[in-house]
Amino acid sequence: MDRIQITGGTPLIGSIQISGAKNAALPLLIASLLTEDRLTLKNVPNLADVNLLVRILRNHGVDLAVDGKRPGSSTHLGDTFHLTARDIVDTTAPYELVSRMRASFWVLGPLIARMRQAKVSLPGGCAIGTRPVDLHLTGLKQLGAEIDIEAGYVVARAPRGLHGAHIVFPKVSVGATHNVLLAAVLAKGETLIENAAREPEIGDVAECLVKMGSKIEGIGTSVLRIQGRDRMEGAVHTVVPDRIETGTFAMAVAATGGDVTLEGARSIHVKHALEVLAQTGTRVEDLGTGIRVTRTSGGILPISVETQPFPGFPTDLQAQLMALLTRAGGTSVIRETIFENRFMHVQELARLGADIQLHGDTATVKGVQSLTGAPVMATDLRASVSLVIAGLMAEGTTTINRVYHLDRGFEQLEQKLSRCGAQIERIASH
Ligand code: UD1
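Rules and cut-offs
Residues numbered from 1 in each chain as written. Predicted model: local features only at pLDDT ≥ 70, side-chain atom pairs only at ≥ 80, totals over all residues. Heavy atoms only, no water. Core = buried A, V, L, I, M, F, W, Y, C linked by side-chain atoms within 4.5 Å. Buried < 20%, exposed > 50% of the residue type's maximum accessible area, 1.4 Å probe, protein only. Helix = DSSP H or I, 4+ residues; strand = E, 2+ residues; numbered from the N terminus. Contact = heavy atoms within 4.5 Å. Domains from an automatic or database assignment. Buried area = accessible area lost by both parts, 1.4 Å probe. Salt bridge = Lys/Arg side-chain N within 4 Å of Asp/Glu carboxyl O. Polar contact = N/O pair within 3.5 Å; in protein donor to acceptor, adjacent residues only side chain to side chain. Near = heavy atom within 4 Å. Areas by Shrake-Rupley, 256 points an atom, 1.4 Å probe, with all protein chains shown as cover.

Some thoughts on the nonpolar core
Logical step 1: With 78 residues, the main nonpolar core has Leu108 and Leu209 as its most contacted residues.
Logical step 2: The greatest single-element share of this core, amounting to 7 residues, is contributed by helix 1 (residues 22–31).
Logical step 3: Not counting chain neighbours up to four residues away, the residues in contact with Leu209 comprise Ala31, Leu34, Leu181, Leu182, Val185, Ser214, Ile216 and Met232.

Okay, structure coming up:
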């Protein structure tokens with residue numbers, strides 16, 4: 001298995017192009033199941049999770065052609081995906097594939113809506129909590145799906161098709177909102193979703209669905225009103241820039257010091273995280289075409305933060321923020337309110353000399369004078385990149401094992417950082 005080796009202590013200086021958002025690209029790829037016409041997606045990131053989802057979609061009968069050219073890479077890694085689901089040849093999404101990535105479970109909604117039946121394995125994904133799917137299933141049942149759980153599979157039928165419904169989610173769920181939205185567009189009549197997730201990736205998917213012929217009101221709010229249609233059409237859509245990648249690199253610059261422009265980043269999507277960074281003493285400037293992050297002098301100030309659904313501080317940046325705060329001049333408090341088990345990075349950060357106490361959902365981070373490089377283990381996607389940030393701050397060499405977690409969600413991570421002066425390299429396994 002590949003490892004990443006980092007020698008810390010170099011400030012980051014330069015510019016980084018922000019990639020298309022993984023968490024938008026995945027449901028957008030799934031939206032191709034809704035139509036027999038061609039859906040073209042531009043700015044698709046080259047990630048292990050995207051490749052895995054493509055395998056799942058191909059199994060359902062989706063044809064894929066790839067073109068375009070990624071900046072700095074060869075043509076075969078094109079970033080424009082043309083997807084055509086003319087015939088859905090298989091409505092089963094097998095355990096072997098779905099268990100490796102939670103978002104693949106979202107094929108359920110579109111498959112029932114278009115094919116009136118689906119059999120999808122219960123999901124897997126990052127081990128960051130129990131992550132149930134009850135909200136997905138309740139929502140789809142309200143749209144008229146009959147659902148049974150059989151041998152680890154969700155077996156869904158809607159012999160007469162889906163119908164509109166008034167769905168009030170008791171809890172904000174990104175995945176359940178995607179799943180229900182992707183089904184409601186092909187349901188008969190109007191669907192009203194209340195307490196929908198407002199993450200920008202939901203808005204991006206909704207905008208693509210509108211291009212495909214849907215009528216959706218309330219995009220960007222927690223109330224979505226969807227008029228169902230008999231059929232959806234093809235469309236061309238560009239994946240929104242990745243706000244989690246943006247926040248991650250912004251924290252890396254805050255951690256090492258330096259001056260980096262995040263090209264293409266949208267500050268409106270990371271407003272809360274940028275405010276938090278400003279509180280730590282980092283300068284953040286919206287350039288219109290990107291975001292400039294600077295920390296040239298002064299230490300890192302301690303802060304208190306709690307994760308919340310959008311527009312609050314994202315749970316997907318919690319680990320990265322914690323890495324930054326390990327070197328703050330005082331004690332910080334981070335409360336994780338979304339996933340109960342999302343502190344796997346704590347023990348790895350401790351290996352580098354961080355001083356972090358855990359009590360239930362709260363981490364108390366006492367800033368230390370310095371971190372020291374050590375071998376560490378990547379445990380999940382966002383935890384892994386927090387170790388990269390810590391490694392960039394640490395004295396000496398940090399080796400991160402199990403980097404396949406990083407490859408799931410960060411495009412060209414080492415290249416982007418090393419172009420800004422970081423001493424980081426991948427050591428391939430033989
Ligand atoms: C998505 C994101 C993930 C992010 C998370 C929260 C993608 C591919 N993944 O994950 O990166 O960390 O949103 O912003 O976009 N829950 C239930 N029942 C359900 C569904 C969820 O209780 O049926 C709970 C979860 O256990 C969790 C909370 O709701 O505590 C939020 O989860 P959810 O928003 O659904 O996360 P995901 O869609 O899995």
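There's plenty left to go through after this.
Points about the domain arrangement of the chain
Logical step 1: Assigned domains of the chain: these are domain 1 (3–18 + 241–427) and domain 2 (22–236).
Logical step 2: One C-alpha centre belongs to domain 1, the other to domain 2; they are set 30 Å apart.
Logical step 3: In this complex, domain 1 contributes 21 residues to the contact, which on the side of domain 2 involves 22 residues.
Logical step 4: Summed over both sides, the interface of domain 1 with domain 2 buries roughly 1,900 Å², with 51% coming from carbon and sulfur.
Logical step 5: Together, Phe310, Arg408 and Glu411 form the three largest contributors to the area buried by domain 1 at its contact with domain 2, with a combined 33%.
Logical step 6: On inspection of domain 1 and its partner domain 2, the count reaches 2 salt bridges.
Logical step 7: For the salt bridge of Glu201 with Arg243, the shortest nitrogen-to-oxygen distance reads 2.7 Å.
Logical step 8: Linking domain 1 with domain 2 are 6 residue pairs in polar contact (both at pLDDT 80 or more), by the criterion used here.
Logical step 9: Elements represented by at least two residues in the side of domain 1 that touches domain 2 include exactly helix 12 (381–393) and helix 13 (404–409).

Considerations on the site of the ligand
Logical step 1: Of all residues adjacent to the ligand, which total 20 residues, the nearest are Asp134, Leu135, Ser173, Asp316 and Ile338.
Logical step 2: A distance of 2.8 Å separates an oxygen atom of the ligand from a polar backbone atom of Gly175.
Logical step 3: Relative to its free-state accessible area of 730 Å², the ligand is covered by the protein chains to the extent of 90%.
Logical step 4: Of all the secondary-structure elements, those providing two or more residues to the shell around the ligand are helix 5 (134–142) and helix 6 (174–184).
Logical step 5: Broken down by element, the residue count for the shell around the ligand peaks at 3 residues, all from helix 5.
Logical step 6: Lining the shell around the ligand are residues from two domains, each supplying at least three of them: domain 1 (3–18 + 241–427) and domain 2 (22–236).

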